[in-house]
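Overview (structure and organization)
So you can see what is in the structure, the chains are spelled out below.
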Amino acid sequence: LIFSEVLDAFHCGATFPITAVTLSRNRATLAKYLDKNIEFAVHGFRHVDYTQLAAEAYPTHLQRAKDEFAHIGITPSGYRSPYLRQTNALLDAIQAAGFSYVSNQPVIWEVVKRDALSQSQSLHYDRAIGFYKPWKASKGLSLPRMRGNLVEIPVCLPDDEILVERLGSPPESIADAWCKILNLTYQEEGLFTLQLHPERSNACAEALAQVLG
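So, how was this worked out
Numbers given to residues run from 1 along each chain, matching the order in which its sequence is written. Confidence filtering applies because this is a predicted model: local features only for residues at pLDDT of at least 70, side-chain atom pairs given and counted only at 80 or more, and all residues used for totals across whole chains, interfaces and linings. Water and hydrogen atoms play no part in the side-chain values, which are based on all heavy atoms of the structure. The helix and strand labels rest on DSSP assignments: H or I over at least four residues marks a helix, E over at least two residues marks a strand, and numbering proceeds from the N terminus. Working rule for contacts: check all heavy atoms of both residues, and any pair within 4.5 Å makes them a contact. Salt bridges are counted wherever a side-chain nitrogen of Lys or Arg sits within 4 Å of a carboxyl oxygen of Asp or Glu. Relative accessibility under 20% of the residue-type maximum defines a buried residue, over 50% an exposed one, and the middle range a partly exposed one, all with a 1.4 Å probe and only protein chains included. For two strands to be treated as a pair, DSSP must find at least two bridges joining them. Given the number of residues in a helix, its expected span is that number minus one, multiplied by 1.5 Å. Regarding the arc, it is the one traced by the directions from the helix axis to the C-beta atoms.

Topic: the side chain of His61
Structurally, His61 can be placed in helix 4 (residues 58-70). With residues up to four places along the chain from it excluded, the contact list for His61 reads Phe45, Arg46, Tyr50 and Leu53.

So, in structure tokens, the structure goes:
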């Protein structure tokens, strides 16, 4: 609700990646947002690390997800993996399933003041970066690119998971980090794709409002 209110205040839309299982359990709730400027993208059939599944399972998971979306009248065009995890085989399956774009490739921006972090915070931050295995923004522009017939839209880090869960950042620090990314991408003619999970909209509402402002 808070997420939607912030978006409405700025006449702004968003994409909500959602697992098919979650969609199935909340069809009536999600149907209320179909007339808003909200896109629902597939976030897997279940919230699992798809790199740990056999490639043979991908087509079934993707088709079951599309079937669930179809129940409330959505033909999804986008896909984002849980944990941003993907393999070449998964990309092939996503393309074969008829999706238009995928948004899994993380790009890390050096906007966190590392010398201000505690030893514990630095450890958590490094673990997150090690898990995501992002590109470094300093090595190239944050721009969409083609992967076969799929448009791959990069995801900018640090996201809410890193800033809130890993670092325990206060709202003003979250806003500062994201506004820095926005300025850098603007200067470099890149794209700032903000990843923000709805369950953290309370903690990040102020930061989101500042970015949209």
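Remarks on the environment of Ser24
Following the sequence through the fold, Ser24 ends up in helix 2 (residues 20-25). Sequence separation of Ser24 and Asp160 is 136 residues, and the distance between their C-alpha atoms is 26 Å.

Considering the pattern of salt bridges
Counting across every chain of the model gives 10 salt bridges. Arg27 is paired through a salt bridge with Glu68; the nearest N and O atoms lie 2.8 Å apart. Residue Arg27 is located in helix 3 (residues 27-31), and its partner Glu68 is located in helix 4; the two are separated by 41 residues in the primary sequence. Accessibility expressed as a relative area gives 17% for Glu68, which makes it buried. As a salt-bridge pair, Glu152 and Arg145 come within 3.0 Å of each other at their nearest N and O atoms.

Description of the pairing of strand 2 (residues 38-42)
Here strand 2 lies mainly inside the structure; 4 of its 5 residues are buried. By the bridge criterion, 5 bridges tie strand 1 (residues 14-18) to strand 2 in an arrangement that is parallel. Residue pairing across strands places Pro17 opposite Ala41, the latter belonging to strand 2.

Digging into helix 6 (residues 119-132)
For helix 6, with 14 residues, the first-to-last C-alpha span of 20 Å sits near the 20 Å given by 1.5 Å per residue. Within helix 6, the full set of buried residues consists of Ser122, Tyr125, Ala128 and Tyr132. Each buried residue of helix 6 lies within a common arc of 125 degrees when the element is viewed along its axis, so the set occupies one face. Looking at the buried positions of helix 6, the neighbouring elements they touch are strand 5 (106-108), strand 9 (155-157) and helix 7 (160-166).

Brief notes about the sheet that holds strand 5
Across the sheet, 3 strands lie side by side as 6-5-9; this open sheet has parallel pairing. Each end of this open sheet is capped by a strand with a single partner; those strands are strand 6 (135-136) and strand 9. Where strand 5 meets strand 9, 3 bridges bridge the pair, whose relative direction is parallel. In the strand pairing of strand 9, Ile108 is matched with Leu157.

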